[in-house]
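# Coordinate analysis (summary)
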Amino acid sequence: MDPAALVEETAHALGSLHFDPAGLVVACRRIVERHPFTGPLWWLCANVTTSTEPFEAVWELAEQIRSDRTASELAAELPDESTVVTIGDPSVIGHGLARRGDVRVLALDIDHSATSFVRRLERYDVDYEPVDAGAAGSVTRLADVVLIEALALDADRIVVPSGSSTIAAAATTWDTPVWLVAGVGRRLPTAFIDAMESKREALVAEQNDWTLDVEILPASIVSDVIGPLGRMPMGPHAAQPECPLAAELLRATAM
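Residues numbered from 1 in each chain as written. Predicted model: local features only at pLDDT ≥ 70, side-chain atom pairs only at ≥ 80, totals over all residues. Heavy atoms only, no water.

This part covers the overall build of the chain. Secondary structure summary: the chain contains ten helices and ten strands in total. Radius of gyration (C-alpha) of the chain: 18 Å, near the 18 Å computed for a compact globule of 255 residues. Overall size of the chain, expressed as C-alpha extent along the three principal axes, is 55 × 40 × 35 Å. In the structure as shown, the chain presents an accessible area of about 11,900 Å², 51% of it carried by carbon and sulfur atoms. Considering the chain, the positive charge centre built from 19 side chains and the negative charge centre built from 38 side chains are found 2 Å apart. (Helix = DSSP H or I, 4+ residues; strand = E, 2+ residues; numbered from the N terminus. Rg over C-alpha atoms; globule rule 2.2 N^0.38 Å. Areas by Shrake-Rupley, 256 points an atom, 1.4 Å probe, with all protein chains shown as cover. Lys, Arg positive; Asp, Glu negative; His and termini not counted. Charge placed at Lys NZ, Arg CZ, Asp CG, Glu CD.)

Take a look at the structure:
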């Protein structure tokens, strides 16, 4: 599910249940345990559990994610008649590209992950071409910019869909700019990214690394970040956390 839609659905569920404060913390902890790599859910839960008025805050947060301007900012930043490369099914990037009628999208696909993405582009009459991920080197050489969608980030690491490293590394070979598209709720305290990294390491111990659908990369692999405030060079300012550190979320829930 689109992370923004998942946040809205979760916010409405939390807002309608009216937990007692302790029950709210447990519910939020279970949410991030169930969706460990969805940055906006960590953002939602951290803001809710640290608010003095959590059941008012949850509706305000739902409105913030609904009013996210990142897609509009991406559309404004793209060069005229540019060729861009994407991978998989990026939701915020898709909304941004739908606002432009003059771009060409080379949509890399892994195991049919881009199917719904290209259908969305087709619906909005965006010029696109599906490309097998094995051609990453060729398409990034042709592109004006490579777009990667963030699941979460801090100043040093980005949590992104698997395959993002392939197009970012290929783009570096050809000096093609790599932009990280990071909507509302993706910029998190370092301890939350640490928790994501630990969770991924635990999963790698149980299954092959390449079967996971998320990877954690050094932030230096991208040049710029597109967010609700526009385009910024990758760095501490662009990765300023959007929520407080809620240590309660990092404790394991008793079964």
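Another aspect to go through is the packing of helix 3 (residues 39-49) against helix 10 (residues 190-204). Where helix 3 meets helix 10, the axes come as close as 12 Å, and the angle between the chain directions of the two elements is 135°. It follows from the interaxial angle that helix 3 and helix 10 lie oblique. Crossing handedness for the pair helix 3 and helix 10: right-handed. Between helix 3 and helix 10, the contacting residues are G39, W42 and A46 on the first element and F192, A195 and M196 on the second. A breakdown of the residues in the contact of helix 3 with helix 10 according to their chemical character gives five nonpolar, one polar and no charged. (Axes fitted to C-alpha atoms, helices over the stretch in contact; angles between N-to-C directions. Parallel < 35°, antiparallel > 145°, perpendicular 65-115°, else oblique. Left-handed = near helix turned anticlockwise from the far one by under 90°. Contact = heavy atoms within 4.5 Å. Nonpolar A, V, L, I, M, F, W, Y, C, P; charged D, E, K, R; others polar.)

Before going further, it helps to examine the sheet that holds strand 6 (residues 157-161). The strand order across the open sheet formed by three strands is 5-6-8, and the pairing between neighbours is antiparallel. On the outer flanks of this sheet lie strand 5 (152-153) and strand 8 (214-218), each paired with one strand and no other. With two bridges joining them, strand 5 and strand 6 adopt antiparallel strand pairing. Note on strand 6: the bridge partner recorded for L153 is I158. Here helix 10 sits on the sheet in contact with strand 5, strand 6 and strand 8, set at roughly 50° to strand 6. (Pairing = 2+ DSSP bridges.)

Turning to helix 10, a few remarks are in order. When the terminal C-alpha atoms of helix 10 are compared, their 21 Å separation across 15 residues agrees well with the 21 Å that a helix rising 1.5 Å per residue should span. Along helix 10, the residues that are buried comprise F192, I193, M196, R200 and L203. Taken around the axis of helix 10, the buried residues stretch over an arc of 100°, which confines them to a single face. (Expected span 1.5 Å × (residues − 1). Buried < 20%, exposed > 50% of the residue type's maximum accessible area, 1.4 Å probe, protein only. Arc of directions from axis to C-beta.)

Let us look at the nonpolar core. With 36 residues, the main nonpolar core has W43, L44, L188, M196 and L249 as its most contacted residues. Taken together, the elements giving at least two residues each to this core come down to helix 1 (3-17), helix 2 (21-34), helix 3, helix 4 (54-66), helix 10 and strand 8. When residues in this core are grouped by element, the largest group, seven residues, is from helix 3. Apart from residues lying up to four places away in sequence, L249 is in contact with C28, R29, V32, W42, C45, A46, T49 and F192. Listed in part, the 29 residues of the second largest apolar core include V131, I167, V222 and A238. (Core = buried A, V, L, I, M, F, W, Y, C linked by side-chain atoms within 4.5 Å.)

Right, let's get into the sheet that holds strand 7 (residues 178-181). Reading across from one edge, 3-2-1-4-7-9-10 is the order of the seven strands in this open sheet, with mixed pairing throughout. At either margin of the open sheet sits one strand with a lone partner, and together these are strand 3 (127-132) and strand 10 (230-233). Direction aside, the axes of adjacent strands within the sheet are offset by 25° on average. Each of strand 1 (83-87), strand 2 (104-109), strand 4 (145-149) and strand 7 touches helix 9 (residues 164-173); the most contacted strand, strand 4, lies at about 155° to it.

Note that all results are geometric; they support no functional claim without further evidence.
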